[in-house]
Amino acid sequence: WEADDVASECVTVETSGEFVASVLAAWESGLEAQTLSLRAGLADVLGWHWRRSLAVLSPKELQLVLFGDLTAEWTVDTLASSVLPGFGFTTSSNPYKWLLEVLFEFNSQQRVAFIQVCDIWV
């Protein structure tokens, strides 16, 4: 399936197998590139023996090191100490207060997504 074919052809029962195979191949190639990039980054930071360095950590410890504590509770106070207003907003600005309230109401999946988006901007 080429990009031009996507716009001109619909997936049918007859073509679904080929479509799924193409999607999986594209997905795997994307994961492969990300995996290679992660390995290269670990080698840059920890040296070429990064696997040995990481082997001392349990899977739970490794998750904590890489992704942080996903179970940490957010309060408006902890958010206010971490999310600083800028661009003319102050801690007494209503939009800033509303942002803290919205962030406080996020579930864990929304928190992870928000942090990932913020990480891109930094």
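Residues numbered from 1 in each chain as written. Predicted model: local features only at pLDDT ≥ 70, side-chain atom pairs only at ≥ 80, totals over all residues. Heavy atoms only, no water.

A look at the overall build of the protein
The condition that has to hold: Numbering of helices and strands runs from the N terminus, with a helix taken as a DSSP run of H or I at least four residues long and a strand as a DSSP run of E at least two residues long. For the exposure calls, accessible area comes from a 1.4 Å probe over protein chains only, and a residue counts as buried if that area is under 20% of its type's maximum, exposed if over 50%, partly exposed in between. Two residues form a contact once any of their heavy atoms are found within 4.5 Å.
Per the secondary structure count, the protein includes seven helices and zero strands. Overall, the protein shows an N-to-C arrangement of helices and strands of α-α-α-α-α-α-α. Here the protein, with 122 residues, has 10% of them falling under the buried criterion. Within the protein, residue pairs in contact and separated by at least 24 positions form 31% of the contacts whose partners lie at least 6 positions apart.

A closer look at the confidence of the model for the protein
Rules: You can read pLDDT as the predictor saying how much it trusts each residue, on a scale of 0 to 100.
When the pLDDT values of the protein are averaged, the result is 81; 89% of them are 70 or greater. Per-element confidence in the protein is highest for helix α6 (residues 94-105), whose mean pLDDT is 92, and lowest for helix α1 (residues 3-8), whose mean pLDDT is 53.

What about the side chain of R111?
With respect to the element layout, R111 can be found in helix α7 (residues 108-121). Overall, R111 belongs to the buried group, its relative accessible area being 12%. Discounting chain neighbours no more than four positions away, the residues touching R111 are A72, E73, W74, F104 and F106.

Details of the layout of surface pockets
Our working rule: Using only the protein atoms, space was sampled on a 1 Å grid; points where a 1.4 Å probe fits but cannot get out form cavities, open sets with protein on both sides within 12 Å along at least five of seven lines form pockets, and lining residues are those with an atom within 4 Å of a point. Grid points are joined across faces, edges and corners, and a volume is the space filled by probe spheres set on the points. Under the scheme applied here, ten amino acids are nonpolar (Ala, Val, Leu, Ile, Met, Phe, Trp, Tyr, Cys and Pro), four are charged (Asp, Glu, Lys and Arg), and all others, including Gly, are polar.
The computed volume of the second largest pocket comes to approximately 190 Å³. As for the second largest pocket, its lining consists of V83, L84, P85, G86, F87, F89, P95, Y96 and L99. Looking at the lining of the second largest pocket residue by residue, the class counts come to eight nonpolar, one polar and no charged.

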